[in-house]
Structure formats: C-alpha cells, structure tokens
Amino acid sequence: MSLLDLLALFFFPGYAFLFLMAFFLEWVDRKTLARIQDRYGPLLVGPAGLLQPIADFIKLLSKEDIVPEGASRPVLTVAPILMMALPLTALFFIPMNGREALVSFEGDLIITLFVLIMMALLVFLTGWSSANTFAAEGAMRSALQMLSYEIPLALVAICPALVAGSLSISRIYASQAEVGLPFLAFAPPCGFLSFLIFLLCSLAELERVPFDAPEAETEIVAGWMTELTGRRLALIRLGRNFCFLLMASLMASLYLGDPVTYRIAWLAPLAFALKVLLCAMLMSFVRGIMARLRIDQTLKAFWTYITPVAVLTLLSTKIALTLL
C-alpha cells in the first residue's frame, strides 16, 4: 500500500473525514430542526455551537455505564460496537471524493443494503435484551417497521442500478455523469418517484419523524434505547450519525450525479459534499414539519401505498430503459 493510499484511508476520504462529517451532519440536523421550530439550537461549544456534537459524545463517554439486572450483558456490549462499525464500513463504498470510493466492487450496493438490514436487527436485539418493558416495546415496533420499509428501499435502490447496468455505487454515480443526466430526472416521473420513496424509507431507517415510533419519547420513554447509558449510548449515537451520513451519501450517489463537477478533479469532492449536505438538510426539513405516525399507520403507509408504488417504479424504469 502506497503513502497516498494510507493518507486516503486515515484522512480523506477515510476515517478522520467520516468522523468529522458525521458530527457535522448532526450539527446541521440540530440547527435545521431548531430553525423550523423557532429555536436557536447549539450555541455555546465552538463557533455557532459547531463542536457541540463532539462535546456531547465526550460527555457520554465519561458517564456511568449501567447494565440492568436481567439484561443480556454480551448483547449490550457487542451491539453498540457493531452499530458504529457497520455503517462506518459501508461508508467506504461511497465515492466521497466525488469520483471513486475507497473500496469499490460489483455488488457493493447489495452489501450496503445488507448493512442497513443488520442495523435494524441490532436495534431489535438491543431493545429485546435490555430487560425493560419500554425497550422491548420499542424493539417490537422497530422490527415491524423494518419489515415494512426494507422492501421498497431495496426496490428503488435497484432502479438507478438498472439504468447504470451495475451494482457498484461508484459506477452508478459515474454513469450519471457519462449520460449527462442525474437519475432524479430520468424518465419522469420514474426518477423523482424513486427518489421520494428512498427519502421516506431513509427516514424510517433512521427512525426519524414521522417514523420514530420505535423510540417515541412521549409514549415509551426512549424506546429500545431506554436502558442505554455511558459508552454504550455514545457508540450508538455515533453509529446513528454514521447511518445518517450513509443514507444522505447514498441518496446523493444514486440520484444526484452530474457531468460538470465529476470531470473537474478539485471540484468533484466539494460538489459531492454539498449534495450530501443538501440531502441531509432535506431529511431534517421533513423531520421538522411532520408529526409522528403510530406504528400501525406506518405499516399501512408502507405496505398499502409505498411498496406498490415502488414496484411500479421499478417496472416503469425497466420499461423506459427498453424503449429508450
């Protein structure tokens, strides 16, 4: 491995960049939500509160770590580590430099979708193993929600792959630059519908309003996270930030490719980071203007409406490819 490869692995677009970007998106999320709700958001730590997410992470690391009596200590020890490591690993499949991912191969999109499924399963295991009624209720809600959104998420993620003729995220992003058209604008309304469904499924994956029933604080305290404290909660929050970055990056990679910035070496990373930021702000905006759905309403929305539309979108994309 060359020196440039090592620098890329540890700095940009490697570990250091991903950690900083994850904390930065948390700050953007909190600031965007505060603006919508007529609040200030983080202010004190760093300029405009920019360092507040890092300060919160350090504070949680210093808190007492408590495991309830009757809870499964092995699960509560391993699950937070995996919930941080899995999305961080999947982020290496994303072309953060605007060109090529650090790790790119045919099928990395499928691996990324598998990571998202594993994250949902870890949420269920964590809540179910906590020996707490509220945590168990949140875990059940999370499992039910996973069964509803994972299918349409996979279906619409395959749509850009069909157009690109590849299951590599980097290749899908590059193909949009080659064609000169982002998939968002492909065969209207196929691209837009696919993007919209991906957005809704991302909110469900992240358990954000309107799909935050698994951790509804007004009903079940903090849901599956009720009994988590100290280092465990810190790692899980960091993992959620990585997952937020992963979903925003996937959205940018699959739907927002462009021929102009892709061909300019110095502009490509900046343009991709801006696209990720816009996708993150869009998710935060939707979170700020919506109200929570009950778990039965979430299941009905996905099974009755969103999944059939996702199937039709996939079929329409295939038909459009055949006709073009």
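Note that the structure is a prediction, hence the values are computed from the model and not measured.

Before going further, it helps to spend a moment on the layout of surface pockets. Put simply, the largest pocket is a space of about 810 Å³. The wall of the largest pocket is formed by 24 residues, among which Asp29, Arg208, Glu215, Arg237 and Arg287 lie closest to the centre. Going through the elements one at a time, helix H2 (15-36) and helix H10 (230-255) are the ones with two or more residues in the lining of the largest pocket. Considered class by class, the residues forming the lining of the largest pocket number 10 nonpolar, 2 polar and 12 charged.

Let's shift gears to helix H13 (residues 295-323). When the terminal C-alpha atoms of H13 are compared, their 40 Å separation across 29 residues agrees well with the 42 Å that a helix rising 1.5 Å per residue should span. Taking the largest bend as the criterion, H13 deviates by roughly 35°, centred on isoleucine 306, and proline proline 308 comes between one and four positions later. When we look at burial in H13, the residues that qualify are Ile295, Thr298, Ala301, Phe302, Ile306, Thr307, Ala310, Thr313, Leu314, Thr317 and Ala320. Contacts made by the buried residues of H13 are with helix H6 (133-164) and helix H8 (190-205).

If you walk through the whole model with that rule in mind, you get 16 salt bridges. A salt bridge links aspartate 258 to lysine 275; the shortest N-O distance between them is 2.3 Å. With a gap of 17 residues between them, aspartate 258 in the loop between H10 and helix H11 (259-262) and lysine 275 in helix H12 (residues 267-289) connect regions that are remote in the sequence. For lysine 275, a relative accessible area of 11% translates into the label buried.

The contact between H8 and H12 brings their axes to 11 Å, and the two run at 70°. Taken as axis vectors, H8 and H12 run roughly perpendicular relative to one another. Crossing hand, H8 versus H12: right-handed. Judged by residue contacts, Phe195, Leu199, Ser202 and Leu203 of H8 engage Leu282, Met283 and Val286 from H12. Grouping the amino acids of the contact of H8 with H12 by side-chain chemistry returns 6 nonpolar, 1 polar and no charged.

Attention shifts here to empty space enclosed by the protein. According to the stated counting rule, one finds 2 cavities of 30 Å³ or more in the structure shown. One number sums up the size of the largest cavity: a volume of about 70 Å³. In terms of lining, the largest cavity is formed by Met119, Ala120, Val123, Ser142, Gln145, Met146, Tyr149, Ala204, Glu205, Glu207 and Arg240. Looking at the lining of the largest cavity, the elements that each hand over two or more residues are helix H5 (108-128), H6 and H8. If you tally residues by element for the lining of the largest cavity, the top one is H6, at 4 residues. Taken as a whole, the second largest cavity holds about 50 Å³ of empty space. Lining the second largest cavity we find Phe23, Glu26, Pro53, Asp56, Phe57, Leu60, Ala234, Arg237, Leu238 and Asn241. Looking at the lining of the second largest cavity, the elements that each hand over two or more residues are H2, helix H3 (52-62) and H10. The residue makeup of the lining of the second largest cavity, split by class, is 6 nonpolar, 1 polar and 3 charged.

Scoring rules and cut-offs
- Residues numbered from 1 in each chain as written.
- Predicted model: local features only at pLDDT ≥ 70, side-chain atom pairs only at ≥ 80, totals over all residues.
- Heavy atoms only, no water.
- 1 Å grid on protein atoms, 1.4 Å probe; cavity = no way out; pocket = protein on both sides within 12 Å on 5 of 7 lines; lining within 4 Å.
- Points joined across faces, edges and corners; volume = space filled by probe spheres on them.
- Helix = DSSP H or I, 4+ residues; strand = E, 2+ residues; numbered from the N terminus.
- Nonpolar A, V, L, I, M, F, W, Y, C, P; charged D, E, K, R; others polar.
- Expected span 1.5 Å × (residues − 1).
- Bend = angle between axes of the 7 residues up to and from the residue.
- Buried < 20%, exposed > 50% of the residue type's maximum accessible area, 1.4 Å probe, protein only.
- Contact = heavy atoms within 4.5 Å.
- Salt bridge = Lys/Arg side-chain N within 4 Å of Asp/Glu carboxyl O.
- Axes fitted to C-alpha atoms, helices over the stretch in contact; angles between N-to-C directions.
- Parallel < 35°, antiparallel > 145°, perpendicular 65-115°, else oblique.
- Left-handed = near helix turned anticlockwise from the far one by under 90°.

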